[in-house]
Amino acid sequence: MTAPRPASRTVARRVFDRLSLPERTFVADALRTETVGGVLLLLAALAALAWANIPGLHHGYETVAHFHLGPGALGLNLSVAHWAADGLLAVFFFVAGIELKRELVAGDLRDPRAAVLPVVAALCGMAVPALVYTLTNVTGGGSAQGWAVPTATDIAFALAVLAVIGTSLPSALRAFLLTLAVVDDLFAILIIAVFFTDRLNFAALGGAAAGLAVFWLLLRRGVRGWYVYVPLAVVVWALMYNSGVHATIAGVAMGLMLRCTTREGEERSPAERIEHLVRPLSAGLAVPLFALFSAGVSISGGALGDVFTRPETLGVVLGLVVGKTLGIFGGTWLTARFTRAQLSEDLAWADVFAVASLAGIGFTVALLIGELAFEGDAVLTDEVKAAVLTGSLIAAVCATVLLKLRNAKYRRLCAEEERDEDLDGIPDVYEQDDPAYHLRMAEIHERKAAEHRRLAAERAAEARHGLAEVPGGAGEEDGRPA
């Protein structure tokens, strides 16, 4: 009789497990730039609030923000604030398009099993805030126009908060936050394109489509040179603006057209090279300038009180603080539950909840959608902006408290990820299956053991020498005891 075969063991997939080394390197580089940009964004927002609220400077802020410039014959005689929102943010969305393409082609989103978690979390993290906003306004008799305001996460601002509070968030959670923000940006772009386009100029839209087609053909032919693409990009942007579709869509479309894979003889793909050049411009100039001319709202005790009493503004605050946290955490937990995935043994669900609360920081895209949702009502637009700032501040404080409670654990995890005892430039945790690594470590330990044996022998010799020189004792005469 044949003995029964032992049941095969199925290894459960883990969520938030350690990243692969190439992915970890890419995430570290991307987050480093985003963090610097986030700090600049934070400084720009504070400067805008000071400029708009100091009595002697308020008039100057309004004058600069509403100063018009540009060729009126081309429909581009816009205010400075308008140029920042529609022009400079196109650079931000261009980088977002590259990031999305990279995630779809070479990142986590290329694998459907790995993509499920951030996509579901991002969708829930947008649907629940919209639902919270809508319920708040239906029950309070407010306007449902701003349902999309609390749906967007600002990754740069969130990372700036992490940099300021000094938490050592593990790379897997940082990567989740970054991927979540990429998916979040994609759906925010779709919301802007679908729900905030009320008129269409088909001639201009056709011209923009033709310009994008030329852009795509030049890329496929391998044509190089900024002097070709920058003027073409400006033309496409201007046509997109005049078409009635939000002009930032042009930036996304061009970003998605770049090739993210390498060919023979290439160290980096064209998308990676261009992103490396443009990201500092986006994070260091475009987004901070947008913040400077969008975050300048009047803050007073009465205005802050109105944030919590008016249904539109209360819906934004609750959507960011409560909706985002519950949506992302709930989507993540349900995905793990129904895919039978296990949480990484190094983390707890409290860590996921803290990151979900950090995603409640909505700034750049939330301010943009607020302007689009309540266009024509300057007072309500400013109040909604104040609500975005208030909700983001509350979310940042909540996340700070939750993350600080676990920061000692995060520091140990980060130290483990960074340890490189054999000094080969690769963290030791990524070499556990490499026999050469263990041979190198054996040599290192043998050298350390030999050094310890040498020191022990020297100390023993010194001890013996010291005993030999000890005199007989007190009261000695001629070497004999007294």
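What you are looking at is a predicted structure, and each value in this text was computed from that prediction instead of being measured.

Draft legend 1. Region of the structure containing the overall build of the chain. If you tally the helices and strands in the chain, you get 17 helices and four strands. Summed over its atoms, the accessible surface of the chain is roughly 24,300 Å², and 64% of this surface lies on carbon and sulfur atoms.

Draft legend 2. Representation of the confidence of the model for the chain in the model. Taken as a whole, the chain shows an average pLDDT of 83; of its residues, 87% reach a score of 70 or greater. Averaged over each element, pLDDT in the chain is lowest for strand β1 (residues 14-15) (67) and highest for helix α7 (residues 202-220) (94). A low-confidence stretch, residues 1-11 stays under pLDDT 50, and its non-local contacts, those more than four residues away or across chains, total zero contacts.

Draft legend 3. Up close: the nonpolar core. Judged by nonpolar contacts, the single largest core of 106 residues is most densely connected at F93, V316, L358, I361 and F363. It is helix α6 (residues 171-195) that provides the largest number of residues to this core, a total of twelve residues. Among the nonpolar cores identified, the runner-up in size contains seven residues, and L76, L78, A90 and W237 belong to it.

Draft legend 4. Spatial organisation of the pattern of salt bridges. What the rule picks out here adds up to twelve salt bridges. Across the salt bridge formed by R310 and E383, the nearest N and O atoms sit 2.9 Å from each other. With R310 in the loop between α11 (301-307) and α12 (311-338) and E383 in helix α15 (residues 378-405), this residue pair connects regions lying 73 residues apart in the sequence. For R310, a relative accessible area of 30% translates into the label partly exposed.

Draft legend 5. Spatial organisation of helix α5 (residues 155-165). Among the eleven residues of α5, nine are classified as buried, and the element is accordingly described as predominantly covered. All of the buried residues along α5 are I155, A156, F157, A158, L159, A160, V161, L162 and I165. Structurally, the start of α5 carries an N-cap: the backbone nitrogen of F157 is 3.0 Å from a side-chain oxygen of D154.

Draft legend 6. Representation of the packing of aromatic side chains. For the structure shown, the criterion picks out twelve aromatic pairs. Here the aromatic rings of F215 and Y229 are separated by 5.4 Å at their centres, their planes lie at 80°, and the arrangement is edge-to-face. Of the two residues, F215 is situated in helix α7 and Y229 in helix α8 (residues 226-243); the sequence distance between them amounts to 14 residues. Look at Y229 and you get buried, because its relative accessible area is 13%. Seen in terms of ring centroids, W237 and Y241 are 5.9 Å apart; in terms of plane orientation they differ by 20°. Their pairing is stacked. Of the two residues, W237 and Y241 are both situated in helix α8; the distance of four residues between them amounts to about one turn of the helix. Owing to a relative accessible area of 14%, Y241 belongs among the buried residues under this scheme. Within the aromatic cluster, the residues linked to one another by ring pairs are W51, Y61 and F293.

Draft legend 7. Expanded view of the side chain of T153. Positionally, T153 belongs in the loop between α4 (112-140) and α5. Given a relative accessible area of 7%, T153 falls into the buried group. There is a polar contact of 3.2 Å between the side chain of T153 and the side chain of K324. A distance of 2.8 Å separates a polar atom in the side chain of T153 from the backbone oxygen of A359. Beyond its immediate sequence surroundings of up to four residues, T153 is in contact with D184, D185, K324, A359 and I361.

Draft legend 8. Layout of the environment of D351. Secondary-structure assignment places D351 in helix α13 (residues 349-358). Counting along the chain gives 22 residues from D351 to F329, while the straight-line C-alpha distance between them is 9.9 Å. For D351, the residues in contact, after removing those within four places along its chain, are L173, R406 and Y410. Within the structure, the side chain of D351 is placed 2.8 Å from the side chain of R406, a separation counted as a polar contact.

Draft legend 9. Representation of the packing of α5 against α6 within the structure. The N-to-C vectors of α5 and α6 enclose an angle of 160°; their axes lie 10 Å apart at closest approach. As far as their axial angle goes, α6 and α5 are roughly antiparallel. The segment α5 lies against α6, with I155, A158, L159 and L162 engaging R174, L177, L178 and A181. Looking at the contact of α5 with α6 residue by residue, the classes come out as seven nonpolar, no polar and one charged.

Draft legend 10. Expanded view of the environment of A181. Structurally, A181 is set in helix α6. Separated by 63 residues in the primary sequence, A181 and P118 have C-alpha atoms spaced 8.9 Å apart.

Draft legend 11. Examining a nonpolar patch on the surface more closely. Together, V36, V39, L40, L43 and L46 give the surface a local cluster of nonpolar side chains, amounting to about 410 Å² of exposed area. If you trace the backbone, V36 turns up in helix α1 (residues 21-53).

Draft legend 12. Structural detail: the packing of helix α3 (residues 80-105) against α6. Orientation of α3 relative to α6, taken along the N-to-C sense of each, is 120°, at an axis distance of 10 Å. With respect to each other, α3 and α6 are oriented oblique. α6 is crossed by α3, and the crossing has left-handed handedness. In this structure, α3 uses F92, F93, A96, E99, L100 and E103 to contact α6, whose residues at the interface are T179, V182, D185, L186, I189 and I192. Of the residues contributing to the contact of α3 with α6, the split by class is eight nonpolar, one polar and three charged.

Draft legend 13. Structural view of α6. For α6, with 25 residues, the first-to-last C-alpha span of 35 Å sits near the 36 Å given by 1.5 Å per residue. Across the 25 residues that make up α6, a large majority, 19, are buried.

The rules we used
Residues numbered from 1 in each chain as written. Predicted model: local features only at pLDDT ≥ 70, side-chain atom pairs only at ≥ 80, totals over all residues. Heavy atoms only, no water. Helix = DSSP H or I, 4+ residues; strand = E, 2+ residues; numbered from the N terminus. Areas by Shrake-Rupley, 256 points an atom, 1.4 Å probe, with all protein chains shown as cover. pLDDT = per-residue confidence, 0-100. Contact = heavy atoms within 4.5 Å. Core = buried A, V, L, I, M, F, W, Y, C linked by side-chain atoms within 4.5 Å. Buried < 20%, exposed > 50% of the residue type's maximum accessible area, 1.4 Å probe, protein only. Salt bridge = Lys/Arg side-chain N within 4 Å of Asp/Glu carboxyl O. Polar contact = N/O pair within 3.5 Å; in protein donor to acceptor, adjacent residues only side chain to side chain. Phe/Tyr/Trp six-rings, centres within 6.5 Å; stacked < 30°, edge-to-face > 60°. Axes fitted to C-alpha atoms, helices over the stretch in contact; angles between N-to-C directions. Parallel < 35°, antiparallel > 145°, perpendicular 65-115°, else oblique. Nonpolar A, V, L, I, M, F, W, Y, C, P; charged D, E, K, R; others polar. Patch = residues over 30% accessible without salt bridge, like charges linked within 9 Å, V, L, I, M, F, W, Y side chains within 5 Å. Left-handed = near helix turned anticlockwise from the far one by under 90°. Expected span 1.5 Å × (residues − 1).

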